[in-house]
Amino acid sequence: MQKTLDVKGMTCGHCEQSVKGALDELDGVTVVDVNLSNGKVDVTCDEEKVTLDDMREAVEEQGYDVIA
């Protein structure tokens, strides 16, 4: 499954790495592609292991807002 998250508040490379790292740690996430310029994060994952809510929570714990 592929999901695109709209993440608000990312402004630099550190932000990008924080979001990528948080999502990479989730069981079931296989690919994370962060586009800093438009705030979009494409996530490829196994929907039987990880939910959209899991991904949203992981990103929000890093201090960013996820707009659904």
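Notes on the structure in this doc start here. This structure is a prediction, so every number in the text was calculated from the model and none was measured. (Residues numbered from 1 in each chain as written. Predicted model: local features only at pLDDT ≥ 70, side-chain atom pairs only at ≥ 80, totals over all residues. Heavy atoms only, no water.)

**Focus on a negative patch on the surface**
On the surface, Asp54, Glu57, Glu60, Glu61 and Asp65 cluster together into a negatively charged patch. Considering every element that reaches the negative patch, the biggest residue donor is helix α2 (residues 52-60), with 3 residues. Inspection of the secondary structure assignment puts Asp54 in helix α2. Looking at Asp54, the relative accessible area reads 31%, which means it is partly exposed. (Patch = residues over 30% accessible without salt bridge, like charges linked within 9 Å, V, L, I, M, F, W, Y side chains within 5 Å. Areas by Shrake-Rupley, 256 points an atom, 1.4 Å probe, with all protein chains shown as cover. Salt bridge = Lys/Arg side-chain N within 4 Å of Asp/Glu carboxyl O. Lys, Arg positive; Asp, Glu negative; His and termini not counted. Charge placed at Lys NZ, Arg CZ, Asp CG, Glu CD. Helix = DSSP H or I, 4+ residues; strand = E, 2+ residues; numbered from the N terminus. Buried < 20%, exposed > 50% of the residue type's maximum accessible area, 1.4 Å probe, protein only.)

**Observations regarding the environment of Gly13**
Considering the arrangement of structural elements, one finds Gly13 in helix α1 (residues 13-24). Each C-alpha atom, one on Gly13 and one on Ile67, is 20 Å from the other, the two residues being 54 residues apart in sequence.

**Here we look at the nonpolar core**
Counting residues in hydrophobic clusters, the biggest one holds 19 residues, and the most contacted among them are Leu5, Leu23 and Val41. If you list the elements that add at least two residues to this core, you get β1 (2-8), α1, β2 (29-35), β3 (40-45) and α2. Counting residues per element, this core draws most heavily on α1, which supplies 4 residues. Ignoring sequence-local partners within four residues, the contact set of Val41 consists of Lys3, Thr4, Leu5, Val7, Met10, Val19, Leu23, Val32, Asp33 and Val34. (Core = buried A, V, L, I, M, F, W, Y, C linked by side-chain atoms within 4.5 Å. Contact = heavy atoms within 4.5 Å.)

**Description of the packing of α1 against α2**
Taken N-terminus to C-terminus, the directions of α1 and α2 make an angle of 140°; their axes are 9 Å apart at the nearest point. For the element pair α1 / α2, the angle class is oblique. Pair α1 / α2 crosses with right-handed handedness. Contacts between α1 and α2 involve Val19, Ala22 and Leu23 from the first element and Met55, Ala58 and Val59 from the second. When its residues are assigned to classes, the contact of α1 with α2 shows 6 nonpolar, no polar and no charged. (Axes fitted to C-alpha atoms, helices over the stretch in contact; angles between N-to-C directions. Parallel < 35°, antiparallel > 145°, perpendicular 65-115°, else oblique. Left-handed = near helix turned anticlockwise from the far one by under 90°. Nonpolar A, V, L, I, M, F, W, Y, C, P; charged D, E, K, R; others polar.)

**Here's the deal with the side chain of Ser18**
With respect to the helices, strands and loops of the structure, Ser18 is situated in helix α1. Note on Ser18: relative accessible area 15%, which makes it buried. Not counting residues up to four positions away in its chain, the partners in contact with Ser18 are Gln62 and Tyr64.

**Describing the pairing of β1**
With 5 bridges joining them, β1 and β3 adopt antiparallel strand pairing. Looking at β3, one finds that Lys3 is bridged to Val43. (Pairing = 2+ DSSP bridges.)

What is shown is where atoms sit, not what they do.
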